[in-house]
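The residues making up each chain are set out below.
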Amino acid sequence: MFKKLMAATALISASMISAASAETISMWVRSGIGDSFKEVVKAYNAGHEHKVELTEVPFAELVQKYATAIAGGQAPDALSLDLIYTPAFAAAGQLEDLTDWAKALPYFNSLSPSHVKLGTYEDKIYGLPLTVETSIFAWNKDLYKKAGLDPEKAPKTWEEITANAEKIRALGGDTYGFYFSGGGCGGCMIFTFTPLTWGAGADILSADGKTATLDTPQMRKAVDIYRNMVEKDLVPAGAASDNGVNFLSFTNGKIGQQSLGAFAIGTLVTQHPEIDFGVTLIPGVDGKPSSFAGGDNFVVTKGTPKLEEVKEFLEYTYSPEGQKIMAKFGSLPTRGDIANEVLEGLDPRLKVGMEAIAVAQTPYTLQFNDLINSANGPWATFTNAAIYGDDVDGAFSNAQDEMQSIIDAGQ
Amino acid sequence: MTTSALTSAIRRRRPKRQTGWRGLIYIAPAMALVTLFFVLPVLFTLWMSLHKWPLLGEPAWIGLRNYTRMFTDARFFNALGFTAHYTLIVTMAIFAVAFPLAIFVEKQRPLVSLYRTIVFLPVVVGLASASLLWVWLANVDSGLFAPLFDVLGLTSGRINLLAKFDTAFLTIIVMVVWKIAGFTMIILLTGLQAIPAELTEAARIDGAGRWQRFRHLTLPLMRRTMALALILSVTGSILAFDQFYIMTSGGPQNKMISVVYYIFNQSFVSFNLGYGAALSIALLLILVTLSVVQLWLLKVGDERP
């Protein structure tokens, strides 16, 4: 028995030595951003000597998990980090400086500018675009047909969307006109709900990020639109306590309309081909469309011994082949110079996601987690309290005060 | 005479000293574990609480500022208030369910072990798993309660139990009672069984009624058991976290942030580990105080059985 054990151990160590030349890069990705990154990793592993080992981390916990992993010396070599967090991690000195290498890339100047901007801290580049996504409005064409609506006509205003939702709800049963994750999902709501106010020229933070400007007529109007739909029973009851787990409810085929992300286009096309849907830009409260430009930056943990392998992997994702795979699964091209080439032959609806970039915004604040994304932060609380609560004025003033006090405490 | 008295005294003392050393050796492993896993972490937490200690970056000494900050932190007081509210209600609910159950399963009757097992079963489920199970049960679309109440005609249409504070709070209380009552029942059961049957019989012969026997015999004799059950229940409720985190993510509009949840948020969402440590120390002091008060109120330790 002992001899057998020894033999087995020797065998394992021998196989490990022989595999030493092929490195394994450990990498993290957050859940809920579709399959584009997973698929590109799969393709990379199939055709390359080095392998990427991917760990999926729940989107709401990625930041604290990564931060604790760094503190505990267990951090992955690289990860796909929500771009809004790049400045905070770069400022804390935890990321590898990629400036020289990045600037030497022949296509550096055509990489998604908002990603590079958020990936830059004190003139050094710590993050490079990995996935790009924008929020868009989707409608279920089958349900439009059943409700007697023109399935090819994209709604242009929220009055139209509400009226359509009523007709779809009238189909009865568990068919609903609209959906949103209203149970305190800050990330979902900043992505899908703030475009209503951005389109109309308002924002929840001042341009320098130092003043909370939540209470605007535009935001009041946006809240009224959602409240009205909830009151008319056009939204499933489960939405009130959905903390983001059921964000992709649209995929169940019983939701008439929902604001989603470009990633969801990829998920719908590849995994739910039975759903016939159209996409358009999210209208603002006055009809002018807007969008949230989000996605992930690729960042490298400071001091990783596998920097060269990581760079090789990133170059693969920037190659036309890598870009094509990612686009197929819903991530918009990160390289502007080959965007048309990449999108050619792919689902035409992805082009709407690309158009959204022109009208999209991204909030820039070092306190994004505290203010917006935390399930107990003021923004997440506000979205639930204002849309589902009894005291709308109180919801506005509480959230406004709390946001301001968090901003002030962080100065 | 004097020398012999001296030697006998030494002889008498020596074995005593030996037992002292022997005793120390016996408890040494326990002491080592407590030191390693409790005393040292507490000291380290104390050390952290005197710093501004971000999760990323260098800690900086700030003295007692974390502690003074606590007194002006409205969210901390909200969390304390909610935790007190929850502890009070859930403890009463657990005892209200566990005591009758303990009395029920104490008497020898057919199938009594089966009853005991059934009531105790939820205890062996982890609290996190139980919370997840109940999240599904309470789900408005695919769960059990909402459609069931609808079919039974208790509610008009399906109600999303987790969307409003009152119903969500009630759901969590029912879940915790379902989960914990069996454990409290077992503790109370041991207390009940420790009461000598002769005493009850004597009281009955003296003409004491059922209620009188319970009030003047059972309750006083169960004081120590009650104290144990009470302290376990109160401490467990004050440290509650999983059910709020998993079932409601802090509840509709943050109304269900318990103290531990707030400490977690400060430490791992806002990355203020120093402030989180200070809050933990404050919570530790509160728990010690409460336990002492409970022991004193129940006068445990005054008498020897």
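No experiment lies behind these values; they were computed from the predicted model shown.

Procedures and definitions
Residues numbered from 1 in each chain as written. Chains lettered and ligands numbered in written order. Predicted model: local features only at pLDDT ≥ 70, side-chain atom pairs only at ≥ 80, totals over all residues. Heavy atoms only, no water. Helix = DSSP H or I, 4+ residues; strand = E, 2+ residues; numbered from the N terminus. Rg over C-alpha atoms; globule rule 2.2 N^0.38 Å. Buried < 20%, exposed > 50% of the residue type's maximum accessible area, 1.4 Å probe, protein only. Areas by Shrake-Rupley, 256 points an atom, 1.4 Å probe, with all protein chains shown as cover. Lys, Arg positive; Asp, Glu negative; His and termini not counted. Charge placed at Lys NZ, Arg CZ, Asp CG, Glu CD. Disulfide = S-S within 2.5 Å. Contact = heavy atoms within 4.5 Å. Polar contact = N/O pair within 3.5 Å; in protein donor to acceptor, adjacent residues only side chain to side chain. Expected span 1.5 Å × (residues − 1). Domains from an automatic or database assignment. Buried area = accessible area lost by both parts, 1.4 Å probe. Salt bridge = Lys/Arg side-chain N within 4 Å of Asp/Glu carboxyl O. Nonpolar A, V, L, I, M, F, W, Y, C, P; charged D, E, K, R; others polar. pLDDT = per-residue confidence, 0-100. Phe/Tyr/Trp six-rings, centres within 6.5 Å; stacked < 30°, edge-to-face > 60°.

1. Describing the overall build of chain B
For chain B, the count of helices and strands is 13 helices and 2 strands. A globule of 305 residues ought to have a C-alpha radius of gyration of about 19 Å, yet chain B, at 25 Å, is considerably larger. A principal-axis box enclosing the C-alpha atoms of chain B has dimensions of 95 × 70 × 30 Å. The 305 residues of chain B split such that 38% are buried. Of the roughly 18000 Å² of accessible surface on chain B, 70% is carried by carbon and sulfur atoms. Computed over 26 positive and 12 negative side-chain charges, the inter-centroid distance for chain B is 12 Å.

2. Some details on the state of the cysteines
Residues and elements named next belong to chain A. Following the criterion strictly, the structure yields 1 disulfide over all chains and no others. What pairs with C185 in a disulfide is C188, and their sulfur atoms sit 2.1 Å apart. Every disulfide takes its handedness from the sign of the S-S torsion; for C185 and C188 that torsion is 65°, giving right-handed. C188 shares its class with C185; the two are buried.

3. Concerning the environment of A:H48
Residue and element names in this part refer to chain A. Locating H48 in the fold gives a position in the loop between α2 (36–47) and β2 (51–57). When the C-alpha positions of H48 and F313 are compared, they lie 9.1 Å apart, and in sequence the two are 265 residues distant. Leaving out residues up to four positions away in the same chain, H48 has contacts with E312 and Y316. Here the side chain of H48 touches Y44 through a polar contact of 3.0 Å, landing on its backbone oxygen.

4. Points about helix α3 (residues 74–106) of chain B
The first and last C-alpha atoms of α3(B) sit 47 Å apart over 33 residues, in line with the 48 Å expected at 1.5 Å per residue. Of the residues that open α3(B), the one with a side-chain oxygen 3.1 Å from the backbone nitrogen of B:R75 is B:D73.

5. Comments concerning the domain arrangement of chain A
All names here are of chain A. Taken domain by domain, chain A consists of domain 1 (24–133 + 294–361) and domain 2 (135–292 + 363–410). Taking only C-alpha atoms into account, the centre of domain 1 sits 26 Å from that of domain 2. On the domain 2 side, the residues contacting the 31 residues of domain 1 number 31 residues. In total, about 2600 Å² of surface goes out of reach between domain 1 and domain 2, with carbon and sulfur atoms giving 65% of it. The largest contributions to the domain 1 side of the interface with domain 2 come from E133, R349 and Q361, which together make up 27% of the buried area. At the boundary of domain 1 with domain 2, the tally comes to 0 salt bridges. On the surface where domain 1 and domain 2 come into contact, there are 9 residue pairs in polar contact (both at pLDDT 80 or more). Contributing elements (two or more residues each) for the side of domain 1 that touches domain 2: α3 (62–71), α4 (86–91), β6 (127–140), α16 (350–356) and β11 (360–361). Taken together, the residues that form the side of domain 1 that touches domain 2 break down as 16 nonpolar, 9 polar and 6 charged.

6. Looking at the confidence of the model for chain A
Mean pLDDT over chain A: 87, with 94% of residues reaching 70 or higher. Taken as a whole, residues 14–20 of chain A scores under 50 in pLDDT and shows 0 contacts with residues more than four places along the chain or in a different chain.

7. Concerning the packing of aromatic side chains
Residues and elements named next belong to chain A. One pass over the structure, following the stated rule, counts 47 aromatic pairs over all chains. With a centroid separation of 5.4 Å and 55° between ring planes, the pair formed by Y44 and Y316 is classed as tilted. Of this pair, Y44 sits in helix α2 while Y316 sits in helix α13 (residues 307–318); the two residues are 272 residues apart in sequence, bridging distant segments of the chain. Taken individually, Y44 and Y316 each receive the classification buried, so the pair is uniform in this respect.

8. Some points on the pattern of salt bridges
Residue and element names in this part refer to chain A. Applying the stated rule across the entire model yields 19 salt bridges over all chains. Notably, a salt bridge pairs K141 with E152, separated by 3.1 Å at the nearest N-O pair. Of the two residues, K141 sits in helix α7 (residues 141–146) while E152 sits in the loop between α7 and α8 (158–169), which places them 11 residues apart along the sequence. Residue class for K141 comes out buried when judged on its relative accessible area of 13%. Across the pair D233 and R169 runs a salt bridge whose closest N-O atoms are separated by 3.1 Å. Taken together, the residues D233 in the loop between α11 (217–231) and β8 (255–261) and R169 in helix α8 connect sequence positions 64 residues apart. The exposure class of D233 is partly exposed, given its relative accessible area of 37%. A relative accessible area of 16% means that R169 is categorised as buried.

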